[in-house]
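# A structural walkthrough
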Amino acid sequence: MTALRPIRGVGAAAPADRGRYKWVALSNTTLGGLMAAINSSIVLIALPAIFKGVRVDPLAPSSTGFLLWMLMGYMVVTAVLVVTLGRIGDMYGRVRVYNLGFAVFTLFSVLLSVTWLTGTAGAAYLIAMRIGQGVGAACLMANSGAILTDAFPEDERGMAIGINAIAIVVGSFVGLILGGLLAPVQWHLIFLVSVPFGLFGTVWAYRKLRDQGIRTPAPIDWWGNATFAVGLVALLAGITYGIMPYGGHVMGWTNPKVLGALGGGLAVLAIFGVIEMRAAHPMFDLKLFGIRAFSGGNFAGFLGALGRGGLMFLLILWLQGVWLPLHGYDFTQTPLWAGVYMLPLTAGMLLAAPVAGWLSDHFGARPFATGGMVVTAGCFLLLTALPVDFPYLWFGLLLLVMGMAMGVFAAPNRAGIMNSLPPNRRGAGAGMANTFQNSAQVLSIGVFFSLIIVGLSSSLPARLFHGLVSHGVPVAAATRASHLPPVASLFAAFLGYNPIQQLLGHSLAAMPPAQVAFLTGHRFFPGLISVPFESGLREALWFAAGACLLAAGASWLRGGKYVAGPAVVPAVSTGPAGRARRSHEEEKAAEGTVAAFEGVLPMGVTEEGRDLARPERAARG
């Protein structure tokens, strides 16, 4: 078995130097998280300009795959890689992998900003470069939490992680506004804007960050990495393609390829679980789930992300497809204004996350994370009571309260997870937490889109046909438009196009100008879509509320405040290679761990926490 290896030079740092370093670590990781979050959402608003720039019609049936992968490919690759990159950080140095992430992210941002190809080749190039950018973001996300946990004492980690969490959430909404402002000027700018920050962050991280954790040199779990990547990619790709129309169906959930991807992905992930249980040095350390605070926090994070992960897309569709046009905004303006009108959600997070993180440092994560999810669920239920054409005052207040509730959950929950991890498992554990959250977000988007599309397909075709015919559209053209998959209208509104112009196309040329002006105006399509959209919207909001309540239950089951000891010997595997007797030195290290941990019990750690801190107990799970 491989012994722990402290990072050289850590002990030589003076207390004052360590005090300064924690703020360097916080500011640098916050910059990295902000940059990664901005780029996860900046393309949402800029997609029409991007596809126009590469001369691809995003609403053509052949372009749906390109559209979905531009939206979700970045999230898929980060979900797949964060565990592997966190484990590599544990073995070879978290700062080293983090620095590499800054450099990779910046390189692919440059490559995205110099796109010269057009047509399907241009779209494929952009998707490939976005995936490369996602690899860099995964390096940053997988190790930033561990770097912060190493740098800050246990009574300040919640505050630090809260500030870091704010950067990620704020970045998601800043990306929407930046995309809306830069894309009309020049669409390449949405990728180029990250390059100066990436260059600065790369140099700054290389010069200032240093490893303060414990390395655990070990061979890479190749079989575990391969099966995890194949299984998760297949599962998330199946969810992504399940949103697309198939044959005569409005969605692809009956497509044999989608079913094969979902079933095959689950089967490969089951094989992955067997491999990890037998591996001497597993990538995905299943024994960490024997720590109650870790398992409860991760299950709460997964369920919370499942409930709120598709919220941004739901709100964008609600605002862009219905509310903003009804209030006089042209469809081309709706993407930018949707980001502006969702700012109360960001403000709520900004106000609550650092305070909740600081309080969790003193009282533990359970009361704040649990209460945050309960209030979030209540906000979802209150949103169901609003009419589709809502008064903005009440909508904005609900978003503000929901943002505060999410902040109260996010920072303490992540701090509770990171505090529960042994120092030599912080990178892998943070990667596992990120994988749960990112996978849940992709799944949440699939669920939200599916529920909305089901609601639209129930009555939109008939309403669309009768509405078009009653306003002078030829029966043949109205029939053709009403039989198109509802997802076409959904994507049109999402991208800032007038859906009626896209549905009728050349048929409008033969109609009187007054009729064309009415049909393509602000009120006709939103009036048609509002009733069927409301049906799917209510179902999505009920689903989100239920997921958040389950997250609250999982959070409550995490137990009281728990902080892992300062050093933990790697858990002994149940497989043949891992049953070797620990050396005398490792046994002494284990005894030191327990003794050191028992010294912090008065800060509120439960008796269960005392047991779980012991390496022997952790090894048994």
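Let us look at the structure shown here. (Residues numbered from 1 in each chain as written. Predicted model: local features only at pLDDT ≥ 70, side-chain atom pairs only at ≥ 80, totals over all residues. Heavy atoms only, no water.)

## Comments concerning the overall build of the chain
Helix and strand content of the chain: 24 helices and two strands. By the burial criterion, 59% of the 621 residues in the chain qualify as buried. Counting only contacts in the chain whose residues sit at least 6 apart along the sequence, the fraction spanning at least 24 positions is 84%. Accessible area of the chain: about 23100 Å², with a carbon and sulfur share of 69%. (Helix = DSSP H or I, 4+ residues; strand = E, 2+ residues; numbered from the N terminus. Buried < 20%, exposed > 50% of the residue type's maximum accessible area, 1.4 Å probe, protein only. Contact = heavy atoms within 4.5 Å. Areas by Shrake-Rupley, 256 points an atom, 1.4 Å probe, with all protein chains shown as cover.)

## Topic: the packing of helix 2 (residues 64–92) against helix 16 (residues 426–470)
As a packed pair, helix 2 and helix 16 sit with axes 7 Å apart at the nearest point and diverge in direction by 165 degrees. When the axis of helix 2 is compared with that of helix 16, the two are roughly antiparallel. The hand of the helix 2/helix 16 crossing is left-handed. Listed contacts from helix 16 to Met72, Met75, Val76, Thr78, Ala79, Val82, Val83, Gly86, Arg87 and Asp90 of helix 2 are Arg426, Gly427, Ala428, Gly431, Met432, Asn434, Thr435, Asn438, Ser439, Gln441, Val442 and Ile445. Class assignment of the residues belonging to the contact of helix 2 with helix 16 gives a composition of 10 nonpolar, nine polar and three charged. (Axes fitted to C-alpha atoms, helices over the stretch in contact; angles between N-to-C directions. Parallel < 35°, antiparallel > 145°, perpendicular 65-115°, else oblique. Left-handed = near helix turned anticlockwise from the far one by under 90°. Nonpolar A, V, L, I, M, F, W, Y, C, P; charged D, E, K, R; others polar.)

## Observations concerning the packing of aromatic side chains
Counted by the stated rule, this structure contains 23 aromatic pairs. Ring centres of Tyr329 and Trp337 lie 5.6 Å apart, and the angle between their planes is 50 degrees; on these two criteria the pair is classed as tilted. When its relative accessible area of 33% is taken as the criterion, Trp337 is described as partly exposed. Among the aromatic residues, ring-to-ring pairing joins Trp318, Trp323, Tyr329, Trp337, Tyr341, Phe390, Tyr392 and Phe395 into one connected group. Over the ring of Tyr21 we find Arg210, and its NZ or CZ is 4.2 Å from the ring centre. (Phe/Tyr/Trp six-rings, centres within 6.5 Å; stacked < 30°, edge-to-face > 60°. Lys NZ or Arg CZ within 6 Å of the ring centre and 35° of its normal.)

## A look at the pattern of salt bridges
Side chains carrying opposite charge are able to pair once their charged atoms draw close together. Considering all chains together, one arrives at three salt bridges under this definition. Taking the shortest distance from any N to any O, the salt bridge between Lys22 and Glu156 comes out at 2.7 Å. Of this pair, Lys22 sits in helix 1 (residues 15–53) while Glu156 sits in the loop between helix 4 (119–151) and helix 5 (157–182), and the two are 134 residues apart along the sequence. Among the residues examined, Lys22 registers a relative accessible area of 13% and is labelled buried. (Salt bridge = Lys/Arg side-chain N within 4 Å of Asp/Glu carboxyl O.)

## Points about the packing of helix 11 (residues 311–326) against helix 18 (residues 486–494)
It is the contact of helix 11 with helix 18, at a shortest axis distance of 8 Å, that shows an interaxial angle of 85 degrees. When the interaxial angle is binned, helix 11 and helix 18 end up roughly perpendicular. Contact with helix 11, carried on its side by Phe313, Ile316, Leu317, Gln320 and Gly321, involves Leu490, Ala493 and Phe494 of helix 18 and no other residues of that element. Its residues assigned to classes, the contact of helix 11 with helix 18 shows six nonpolar, two polar and no charged.

## Considerations on helix 4
Taking 1.5 Å as the rise per residue, helix 4 with 33 residues should run 48 Å; its terminal C-alpha atoms sit 48 Å apart, in good agreement. For helix 4, the principal kink sits at Asn143 and spans about 30 degrees. (Expected span 1.5 Å × (residues − 1). Bend = angle between axes of the 7 residues up to and from the residue.)

## Re helix 14 (residues 366–385)
Here helix 14 is 20 residues long and its end C-alpha atoms lie 29 Å apart, about the 28 Å a rise of 1.5 Å per residue gives. Listing the buried residues of helix 14 in full gives Phe368, Ala369, Thr370, Gly372, Met373, Thr376, Ala377, Cys379, Phe380, Leu383 and Thr384. Of the surrounding secondary structure, the elements contacted by the buried residues of helix 14 are helix 10 (292–308), helix 11, helix 13 (343–363), helix 15 (392–419) and helix 21 (524–556).

## As for empty space enclosed by the protein
Over the atoms rolls a probe the size of a water molecule, and its path tells where empty space is left. Per the stated rule, a full pass over the model turns up nine cavities of 30 Å³ or more. Counted as a void, the largest cavity has a volume near 1100 Å³. Together, 48 residues line the largest cavity, and Ile168, Val169, Ser172, Gln437 and Gln441 are the ones closest to its centre. It is helix 1 that contributes the most residues to the lining of the largest cavity, eight residues altogether. Class assignment of the residues belonging to the lining of the largest cavity gives a composition of 27 nonpolar, 19 polar and two charged. Its volume calculated, the second largest cavity comes out at about 120 Å³. As for the second largest cavity, its lining consists of 16 residues, and the residues nearest its centre are Gly364, Ala365, Gly416, Asn419 and Tyr562. When residues of the lining of the second largest cavity are assigned to their parent elements, the largest contribution, four residues, is made by helix 15. (1 Å grid on protein atoms, 1.4 Å probe; cavity = no way out; pocket = protein on both sides within 12 Å on 5 of 7 lines; lining within 4 Å. Points joined across faces, edges and corners; volume = space filled by probe spheres on them.)

## Structural notes on the environment of Phe448
Tracing the backbone through its elements, the reader meets Phe448 in helix 16. C-alpha of Phe448 to C-alpha of Ile243: the two residues are 205 residues apart in sequence and 9.9 Å apart in space. When residues no more than four places from it in sequence are discounted, the contact partners of Phe448 are Leu306, Gly307, Gly310, Leu311, Leu314, Ala540, Phe543 and Ala544.

## Points about the state of the cysteines
Scanning the entire structure with this criterion turns up zero disulfides. With no disulfide of its own, Cys379 lies 9.5 Å from the sulfur of Cys548, the closest cysteine sulfur. (Disulfide = S-S within 2.5 Å.)

## Quick word on the environment of Leu528
As for its placement among the helices and strands, Leu528 is situated in helix 21. For the pair formed by Leu528 and Pro461, sequence separation is 67 residues and the distance between their alpha carbons is 9.8 Å. Apart from the residues within four sequence positions on either side, Leu528 is in contact with Leu460, Arg463, Leu464 and Gly467.

## Focus: unusual backbone geometry
Non-glycine residue Arg55 carries a positive phi angle of around 60 degrees. The residue Arg55 is located in the loop between helix 1 and helix 2 in this model. We classify Arg55 as exposed; its relative accessible area is 68%.

## Here we look at the side chain of Asp150
Examined against the element boundaries, Asp150 turns out to sit in helix 4. Looking at Asp150, its side chain comes within polar contact range of the side chain of Arg94, at 2.5 Å. (Polar contact = N/O pair within 3.5 Å; in protein donor to acceptor, adjacent residues only side chain to side chain.)

Distances and angles like these do not, on their own, reveal function.
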